[in-house]
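One-letter residues, chain by chain:
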Amino acid sequence: MKVISEQRAPREAILTIDLDEAEVEPYLDQAYRQAVRRLNIPGFRKGKAPRKIVEQMFGRDYLINEALDSMIQDVTNKAVEQENLELGGIPSVAIENFDPPSFKATVPLVPSVDLGDLESIRVEKKPAADSSEQADGVLDQLRQEQAVWEPASGKVAMDDLIELTVEGWIDEDGDRREIVKSENTEYIPRSGTRFPIPGFDEGLVGLPQNKTTSFTVDVPEDFENQDYAGKKAFFEATVHQVKRKQLPALDDEFAKGVGDGFDSMKALRDRVEGDLRDRDQRNADATHQDEVLAKVVEGAIFEMSPLIIEHEVEHYVHERQDEFKAGRFTSIEDYQQAIAWQAMSEEELHESARPQVEERLKRAHVLREVAKRQEFESTDADIDAEIEVMASDSGDNADQVRTLFQDPDRRDSLGRVLVNRKTLQYLSGIATQPKSGAAKPKARAAAKTKAAASKPATKKAPSMKAAGTTTTRPKSK
Amino acid sequence: MHVLQVLKRPVITEKSTLLQEQNKYVFDILQGANKAQVKEAVERGFEVSVISVNIISQNTERVRRGNGSWQTRRSSKKAVVTVAPGDTIQLFEGA
């Protein structure tokens, strides 16, 4: 196999590959064996005709044609290997000559990323939003869930559960036209309800128990049902029983009832506040990492073969379209995009998706480059630990999660996720260093001890970096 | 009639291809042809030396078709010609 390779910008190699007879032969043989099974040749059962006969009847070109697909792929891979090139995507191959075959392959190489001055990147970290005040809201919701209906004496109030016998009608020239009639039904009056007519619920409020009372309601002119609109509705109602929601007091007793082994109100409140704060922290971290990465991408210089981008765009568009076709929309934007896409031609589609895809690719390559430079890796132990974390989070499905991640592919991708996470933490650590850029291991260690004393969110940030570096340092040796 | 006109066409089937390994070549021949004629034709036409000729006659046969009608199968006469070891007949060898 004769290979002439020449490199050209941006990060592409052109390989001219010439094959001689002996190299083509195995491919032709394979092609014959595949073709003969479906060829119908008189005098022979399917798959029984010798190669000689097939070549005589269909010609050698036929076999070459059949072989071409696998041959191109195989030969290109071999050539890339032979030339010691770093394959960065799927090569595009043109056929120069048919017999003897000769190809011209454009091979995208792994993009080169010049990260620029990473150490000088500074992105201010916005303090995590503090939503621990929402704890009251969460507790209140818990209270509502645990509330019980207790019989109450006295008159009906809004949001009571009442047992009610009611008859309602409107007067139509002396005829009673029934609106509602029911006996012993449970009903909860709520303000603003429009059923059966607006004002009915308000009319119920204040009724005494066990006494038939009548009241009238003026149906508003704009009521949906024209038969009733603007008329006077008469109701006769008897309230048999009133039950009121009794919210449990927020005390230790309540905390125990929630489950999960809280033994005091304080423990429950701490936990709720802690959860909320964790969520805020995570959100803030993610936003910061995102901003940092965007900044790094902005400062980096990429040399990337258009072939890679093209391929990725195609892949992306295809995937999204499949998703849309299957009706999977994760947000309203998705839906709008799907509609917009329907109106576009293939080319427009690719054009519109390109900036997004390019950004994604750049981010991925920045992460790859940083991870490579810092020698971030994920060991089997790391992956196992992560799987354990996920398993313990998923409760009853723990075993399912474990079996799911037995799969080597899944483990690999999980490993990549871990490396990315580490890299992002590292970058966001750099970006939050003090301006002087003097933050060296000592400063990081100091930051870590500070963070360990559980200080507010803003000071916690450097600890991630400390964590990232300490765990990876032993491996990088 | 020319000598070579005795041979109508080569028979190319799975079976005949297998026979080629034993230096045997199969031809469709004229109904009236005999072994001597076939031998001469093959020797002259392909420049090989013929060791033996076997002839198979297949008479017309009526075959039932599924719909109750009958189909006739053409009669044919085939010759299996054994040539001397080392000799090959190009017609079968392909281009």
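Basis of the calculations
- Residues numbered from 1 in each chain as written.
- Chains lettered and ligands numbered in written order.
- Predicted model: local features only at pLDDT ≥ 70, side-chain atom pairs only at ≥ 80, totals over all residues.
- Heavy atoms only, no water.
- Helix = DSSP H or I, 4+ residues; strand = E, 2+ residues; numbered from the N terminus.
- Buried < 20%, exposed > 50% of the residue type's maximum accessible area, 1.4 Å probe, protein only.
- Contact = heavy atoms within 4.5 Å.
- Areas by Shrake-Rupley, 256 points an atom, 1.4 Å probe, with all protein chains shown as cover.
- Patch = residues over 30% accessible without salt bridge, like charges linked within 9 Å, V, L, I, M, F, W, Y side chains within 5 Å.
- Salt bridge = Lys/Arg side-chain N within 4 Å of Asp/Glu carboxyl O.
- Lys, Arg positive; Asp, Glu negative; His and termini not counted.
- Charge placed at Lys NZ, Arg CZ, Asp CG, Glu CD.
- Axes fitted to C-alpha atoms, helices over the stretch in contact; angles between N-to-C directions.
- Parallel < 35°, antiparallel > 145°, perpendicular 65-115°, else oblique.
- Pairing = 2+ DSSP bridges.
- Expected span 1.5 Å × (residues − 1).
- Arc of directions from axis to C-beta.

What to know about the overall build of chain B
If you tally the helices and strands in chain B, you get three helices and six strands. Helices (α) and strands (β) of chain B occur, in sequence order from the N terminus, as β-α-β-α-β-β-β-β-α. Within chain B, buried positions represent 35% of all 95 residues. A sequence separation of at least 24 residues applies to 61% of the contacts in chain B between residues at least 6 apart. For chain B, the exposed area adds up to about 6200 Å²; of that, 47% sits on carbon and sulfur atoms.

Let's talk about a negative patch on the surface
Residues and elements named next belong to chain A. Together, Asp251, Asp252, Glu253 and Asp263 make up a negatively charged patch on the protein surface. The topology assignment puts Asp263 in the loop between helix 6 (252-258) and helix 7 (265-299). Overall, Asp263 belongs to the exposed group, its relative accessible area being 52%.

Things to note about the packing of helix 7 of chain A against helix 10 (residues 346-374) of chain A
Residue and element names in this part refer to chain A. Closest axis-to-axis distance for the helix 7/helix 10 pair is 10 Å, and the angle between their directions is 95°. When the axes of helix 7 and helix 10 are compared, the pair comes out roughly perpendicular. Across the interface between the two elements, Asp290, Leu293, Ala294, Val296 and Val297 from helix 7 touch Glu359, Lys362, Arg363, Val366 and Leu367 from helix 10.

Remarks on a nonpolar patch on the surface
A surface patch of nonpolar side chains, about 380 Å² in accessible area, is lined by Phe329, Ile332, Tyr335 and Ile339 of chain A. Relative to the helices and strands, Phe329 of chain A resides in the loop between helix 8 (306-325) and helix 9 (332-342).

Overview of the sheet that holds strand 2 (residues 12-18) of chain A
Residue and element names in this part refer to chain A. Strand order in the open sheet made by the four strands is 1-2-4-3, with antiparallel pairing throughout. For this open sheet the edge positions go to strand 1 (2-8) and strand 3 (92-97), each flanked by a neighbour on one side alone. With direction set aside, neighbouring strand axes in the sheet form an average angle of 20°. When strand 3 meets strand 4 (residues 102-108), the two strands line up antiparallel, connected through five bridges. Pairing of Ser92 across the sheet is with Thr106, part of strand 4.

Some details on the pattern of salt bridges
Side-chain pairs of opposite charge can arise whenever the charged atoms involved come near each other. All names here are of chain A. Applying the stated rule across the entire model yields 26 salt bridges over all chains. One salt bridge in this structure joins Arg38 and Glu66, with 2.5 Å as the shortest N-O distance. Placement of Arg38 in the loop between helix 1 (21-35) and helix 2 (51-58) and of Glu66 in helix 3 (residues 60-82) is noted, with a sequence separation of 28 residues between them. A residue is classified by how much of its surface remains accessible, and Arg38, at 46% relative accessible area, is partly exposed. The partner of Arg190 in a salt bridge is Asp159, with the nearest N and O atoms 3.5 Å apart. Residue Arg190 is located in the loop between strand 8 (175-187) and helix 5 (200-204), and its partner Asp159 is located in the loop between strand 6 (148-152) and strand 7 (161-172); the two are separated by 31 residues in the primary sequence. Among the residues examined, Asp159 registers a relative accessible area of 41% and is labelled partly exposed.

Things to note about helix 4 (residues 135-146) of chain A
Residue and element names in this part refer to chain A. For helix 4, which comprises twelve residues, the first-to-last C-alpha distance of 17 Å matches the rise-based estimate of 16 Å (1.5 Å per residue) to within 8%. What helix 4 keeps buried is the set Ala135, Leu139, Leu142 and Arg143. Along the axis of helix 4, the buried positions cluster into a sector of 100°, meaning they face one direction only. As for helix 4, its buried residues are in contact with helix 6 and helix 7.

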